[in-house]
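In case you want the letters, here they are:
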Amino acid sequence: MPTVAIAYFSGAGHTHLMAEEIYKGASQVEGTTVELLRITGEQIVNGRWKNDAIMEKLNSADAIVFGSPTYMGGVAAQFKAFIDTTSEVWFRHGWKDKIAGGFTHSSSPSGDKQGTLLYLVTNAAQHGMIWVNLGDLQSFLLGKDDGVNRLGGFLGVMGQSQLDMSGKEAVLDPGDAKTAERFGQRIAEATKRWFK
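Predicted model, so just to flag it, every value in this text is computed and none were measured.

Q: Explain the pairing of strand E7 (residues 99-106) here, please?
A: Remark: a regular strand shows side chains that alternate across the two faces of the sheet. In terms of burial, E7 is largely enclosed, as 8 of its 8 residues are buried. Side chains of E7 alternate between two faces, with Ile-99, Gly-101, Phe-103 and His-105 and Ala-100, Gly-102, Thr-104 and Ser-106 buried alike. Bridge count for strand E5 (residues 63-71) against E7 is 7 bridges, and the pairing is parallel. Across the sheet, residue Ser-68 finds its bridge partner in E7, namely Thr-104. Note: E7 against strand E8 (residues 130-131), 2 bridges, orientation parallel. Bridged to Ala-100 within E8 is Trp-131.

Dropping the structure here:
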């Protein structure tokens with residue numbers, strides 16, 4: 001039974017909502033086990049990220065979907081601390097041939113989200129992982145109005161919400177939510193094919 005792990009950091013909650021949608025999509029593929037593994041600042045001690053339980057789940061997963069908000073054109077510092085810790089896995093090529101994918105969110109329509117996705121795909125390549133892209137055209141090109149891939153990202157899922165510093169609960173654009181759900185399904189299907 002293929003296992004998909006979603007490893008992500010979320011600051012304001014939007015990236016968490018995207019992770020939940022990816023979880024929902026991957027869970028729709030029969031026989032797939034899906035786990036949400038949230039990276040938090042509390043897991044960083046003396047500048048080093050550490051959570052043995054999460055690492056054990058990632059090491060045993062068939063696919064890992066990486067997610068981080070885009071802050072200042074790249075991944076969040078908390079997520080970077082997690083990635084730096086995975087160099088121990090990299091050294092022994094422990095994630096080689098696992099399926100990988102990525103997602104990000106920012107308040108700006110661009111926000112240099114592609115920089116974050118490029119970082120995630122580069123990390124996956126260094127680990128010898130098999131990257132799965134979004135695989136969806138912008139729905140308006142197909143005459144649909146469901147908002148799928150509304151931001152025109154193809155490397156992974158991009159989400160965007162207006163900047164709101166009021167402390168209100170995070171909300172995803174419905175098109176971004178649908179895009180993330182479809183991506184989760186695509187990841188799970190690719191994992192199932194790869195690990196037949």
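Q: Would you take a moment to explain the pairing of strand E2 (residues 33-39) for this structure?
A: Strand direction decides the pairing type here: strand E1 (residues 3-9) and E2, joined by 7 bridges, are parallel. Looking at E2, one finds that Phe-9 is bridged to Ile-39. Each parallel crossover has a hand, and for E1 linked through helix H1 (residues 14-27) to E2 it is right-handed.

Q: Just to check I follow, could you spell out helix H6 (residues 174-194) for this structure?
A: Count 3.6 residues to each turn of an α-helix, and residues three or four apart come out pointing the same way. For H6, built from 21 residues, the straight-helix expectation of 30 Å at 1.5 Å per residue is met to within 8% by its first-to-last C-alpha distance of 30 Å. Inspection of H6 places Gly-175, Asp-176, Ala-177, Thr-179, Ala-180, Glu-181, Phe-183, Gly-184, Ile-187, Ala-188, Ala-190 and Thr-191 among the buried residues, and these make up the whole buried set. The secondary structure elements touched by the buried residues of H6 are E1, H1, E5, E7 and strand E9 (157-160). Looking at where H6 begins, the residue whose side-chain oxygen comes 2.8 Å from the main-chain nitrogen of Gly-175 is Asp-173.

Q: Looking at this model, I keep getting lost on unusual backbone geometry. Mind explaining?
A: Most of the time, phi is negative for any residue but glycine, and the peptide bond is trans. We note that Met-72 has phi near 50°; this positive angle belongs to a residue other than glycine. Structurally, Met-72 is set in the loop between E5 and strand E6 (74-75). Residue class for Met-72 comes out exposed when judged on its relative accessible area of 87%. Residues other than glycine seldom take positive phi values, yet His-93 does so here, at roughly 55°.

Calculation notes
- Residues numbered from 1 in each chain as written.
- Predicted model: local features only at pLDDT ≥ 70, side-chain atom pairs only at ≥ 80, totals over all residues.
- Heavy atoms only, no water.
- Buried < 20%, exposed > 50% of the residue type's maximum accessible area, 1.4 Å probe, protein only.
- Helix = DSSP H or I, 4+ residues; strand = E, 2+ residues; numbered from the N terminus.
- Pairing = 2+ DSSP bridges.
- Right-handed = clockwise from strand over helix to strand, strands pointing away.
- Expected span 1.5 Å × (residues − 1).
- Contact = heavy atoms within 4.5 Å.
- Polar contact = N/O pair within 3.5 Å; in protein donor to acceptor, adjacent residues only side chain to side chain.

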